[in-house]
Structures are given as C-alpha cells and as structure tokens.
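A structural walkthrough
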Amino acid sequence: SQVSFEEESQNPPAVGHWKPLMPSKGDKEEPEAGCQDAGGVGEPQSTEQLNVSRLRSSSVEIREKGSEFLRDELHKAQKELKLKDKECERLSKVREQLEQELEELTASLFEEAHKMVREANTKQAAAEKQLREARGKIDMLQAEVTALKTLVITSTPSSPNRELHPQLQSPSKGGFRKGHGRNKSTSSAVVSAASHSPAPEPVSRECREVDSILFAEFQAWKESPTLDKSCSFLDRIYREDVGPCLDFTKQELSELVRVAVEQNTLTIEPVASQAVPVGKVAAEECGGPKKCALSGLPRTCKHRIMLGDSGNYYYISPSCRARITAVCNFFTYIRYIQQGLVRQDVELMYWEVMRLRREMSLAKLGFYPSEM
C-alpha cells in the first residue's frame, strides 16, 4: 500500500480528476488525497473547508462590490445635494429680489397715491376758493345793480321823469344825471331828495364846453379803467377834488375815512334819537349826537359812520356827511364804469364825472342839501 501511494504521488493526475484551486494548498492536500484513497475518511472534511473558503471569498467580493456601489451612490447623492443646494440658493436670491422689487413697487404706488390725493385736495381747495370768490363777486354785482336800479328809477312807470332818466332821451339831449350810490351807505339822501322833490321848475340852460385835456385824460383812462391813482385822470381828481374834500380837522381819522372810501368799506347810517356812542374807542373820539368826530365842532349829528368791520361808530355832521357822500358817489360811478355796468357814450360819461366833481367841490365849500 505504501508502494502504491508513492506511485500515485509521483504520477501526474489523470484527466478529469479534481485539482486544487490554490497551489499552496495542493501540496498539503495531496497527502490527504492519498489518505482518502487509503482510508476514505478525510474527503467530507476537505469539501466542507473548500465550501467555506469559497463562501468567504465570495462574501469578500460581494462586500467589496457593495462598498464600491454604495460609494458610487454616495457620490451621486452628494452631487445631487450640491446641485439642489445651488438651486435652492438661486431660488432664494430670486425670492429676495422679487420681495425687494415688490416692496419698492408698493412704496412707489403708495407715494404716487399720496401725491395724487394731495394734488386733488389742492385742486379742490383752489376750486372752492374760486367758487367762494365768484359767489362773492356775484353777490357784490347783484347788490350794486340793485343799488343802481334804485338810484335810477325815481319815478313811476306811467309817468317817467325824463330829466332823471336820460336813457329815455336821445343821446344828444340828455346825460346821466343821477349818481351811482354805494350799497347801504352813500346816496340814500340823494334818492330820498329826488323822490320827494317837487317838479323841476324851468331854469335857464347852462352852457358846457368840453375841456380837451380833461377829456383826453378820461378817454385814456376809459380804454383801460383802473382804480390805481397813479394814472393821470385819477391823479388829477385826487389832487383837486378827493383830497381836499376829505381833508378834515381830525387828520388821523380823515386818513382812515379816505382808505375806507377807496376800499368801499365805509358804512353810513342814520342815528336814532335814543342812540348813544357805540364802540371800543373813547366817546370823545367818536363824537356824539351833539359833536362831530371829524371836525371836532359842536354840531347836531344825524348820521354816523363805521370803518370796515371795526364796530366803532363815529358821529358826523351834515356837512361832513355831504363831503363823504360826494366822494363815495364819484368812486361808485367809476367802479361801475370799470365793471362795464355803464352803457353810455364816452362824452356822456365824461359829463357825469364832471358833475360828480362839481358836487365834491360844492361839498368842500360847505354847500349841501338841507335834507342832510
């Protein structure tokens, strides 16, 4: 048996016989094979070891391949995460930009809305102011037209007085004879005198001749009527008529009266028999029913004046009232001309102005109707 074992160990293995997988183990396993041939006991143990080694090698290979696959998947996941982080960052920047643009747009819209509201309020305030001014002008014009009609219409429609109504005469025969009184102040005495005066007695006709210088100044003023006393027409009347007519003993009060007459804020009203001086100033400055506040002389005062809305009344004598009324009649008439209410020939308007200047001159000299 030993001889046969040696022979088998020296002879190469026959075709189809099992060869060991690993050379290092073949040398060790050949005796075992001999042992198997000899005894047949070690064959199951070698097969089991071979299976275990195969399982170990396959598990190592699987583990390595699994590790490699997991590493690849990890790299892919990391790349995807980086891409998603970049996308999130880009979207975050887009969102911030959109939010900033939205805030700017909202702020600009609110600013524009506030600007439009301010402009609308400004336009509304201006329109309301213009409306109030227009209504005030309309009321003033209506009052002046009413006063004009009251002064002009001094006779009944059935028997009009042609001397008092020049519009009923031909332009060559008559002129504007009645003065245009101010509302609530100036010419009530003229109206009452005209309404209660008897029929005019025939008098001799007065001769009139137009002064070329005065008429030229009036024509120049009529082209662009104004109340500015710097023009030659009004400057002459101020120097020759208005100034002397309103030059009273009480200089300070005279200046206030002149300003009130120019601004059309002077009020003249009759004094009741039981009236007493009213106002904030002293009674000596206001005068009284027996003392004129403008001249300072003891006179019976039937009227009193108020300058604007001051609430202070000043008692005036009939002579002072005639002087103030004459000046007020003149200013009222030129205001009507300026506002386009007088529809007459230029020459007729000129003669009416001359008549009003004559009234101022007579009042300054002390002539006044007895009704005052």
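Cut-off values and rules
Residues numbered from 1 in each chain as written. Predicted model: local features only at pLDDT ≥ 70, side-chain atom pairs only at ≥ 80, totals over all residues. Heavy atoms only, no water. UniProt positions renumbered as here; feature names shortened; annotations may be inferred. Pairing = 2+ DSSP bridges. Helix = DSSP H or I, 4+ residues; strand = E, 2+ residues; numbered from the N terminus. Axes fitted to C-alpha atoms, helices over the stretch in contact; angles between N-to-C directions. Contact = heavy atoms within 4.5 Å. Expected span 1.5 Å × (residues − 1). Buried < 20%, exposed > 50% of the residue type's maximum accessible area, 1.4 Å probe, protein only. Arc of directions from axis to C-beta. Core = buried A, V, L, I, M, F, W, Y, C linked by side-chain atoms within 4.5 Å. Phe/Tyr/Trp six-rings, centres within 6.5 Å; stacked < 30°, edge-to-face > 60°. Lys NZ or Arg CZ within 6 Å of the ring centre and 35° of its normal. Patch = residues over 30% accessible without salt bridge, like charges linked within 9 Å, V, L, I, M, F, W, Y side chains within 5 Å. Areas by Shrake-Rupley, 256 points an atom, 1.4 Å probe, with all protein chains shown as cover. Salt bridge = Lys/Arg side-chain N within 4 Å of Asp/Glu carboxyl O.

The name that an unreviewed UniProt entry assigns to the protein chain is R3GEF factor, with the source organism given as Oriolus oriolus. One UniProt comment on the protein chain, placed under Sequence similarities (unreviewed entry), says "Belongs to the SEC2 family."

1. Focus: the sheet that holds strand β2 (residues 303–307)
The pairing of strands in a sheet happens through backbone hydrogen bonds and is either parallel or antiparallel. Strands sit in the order β1-β2-β3 across an open sheet of three strands; the sheet is antiparallel. Looking at which strands have only one partner, the edges of the open sheet turn out to be β1 (266–270) and β3 (313–316). Sheet twist, expressed as the mean angle between neighbouring strand axes with direction ignored, is 30°. Here β1 pairs with β2 via five bridges, running antiparallel. When the bridges of β2 are listed, E269 appears paired with R304. Of the strands in this sheet, β1, β2 and β3 are in contact with helix α9 (residues 318–338), which crosses β1 at around 135°.

2. Details of helix α7 (residues 251–262)
Its 12 residues give α7 an end-to-end C-alpha distance of 17 Å, which sits within 8% of 16 Å, the value for a rise of 1.5 Å per residue. Of the positions making up α7, those classed as buried are L253, S254, V257, R258, A260 and V261. Projected down its long axis, α7 shows its buried positions confined to an angular sector of 165°, all on one face. With respect to the buried face of α7, the exposed residues turned more than 90 degrees away are Q251 and E252. N264, located one to two residues past α7, shows a positive phi value of around 60°.

3. Details of the nonpolar core
Judged by nonpolar contacts, the single largest core of 50 residues is most densely connected at V242, L266, L294, I305, I324 and F330. Top contributing element to this core by residue count: α9, with 11 residues.

4. As for the environment of L297
Relative to the helices and strands, L297 is located in the loop between α8 (283–286) and β2. Residue classification places L297 among the partly exposed residues on the basis of a relative accessible area of 40%. Along the chain, L297 and T249 lie 48 residues apart, while their C-alpha atoms are 9.4 Å from each other.

5. Observations regarding the packing of aromatic side chains
Within this structure, the stated rule accounts for eight aromatic pairs. Taking the centre distance of 5.6 Å and the plane angle of 70° together, the rings of F330 and F331 count as edge-to-face. Assigned by exposure class, F330 and F331 land together as buried. Where Y350 meets W351, the ring centres are 5.4 Å apart and the plane angle is 65°; that geometry is what we call edge-to-face. Joined through ring pairs, the aromatic side chains of F215, F218, W221, F233, Y350 and W351 make up one cluster. If you follow R208 out to its NZ or CZ, it ends over the ring of W351, 4.6 Å from the centre. If you follow R304 out to its NZ or CZ, it ends over the ring of Y313, 3.9 Å from the centre.

6. Observations regarding a nonpolar patch on the surface
On the surface, L362, L365 and F367 cluster together to form a nonpolar patch covering roughly 340 Å² of accessible area. Position of L362 relative to the elements: it lies in helix α10 (residues 346–365). What makes L362 partly exposed here is its relative accessible area of 38%.

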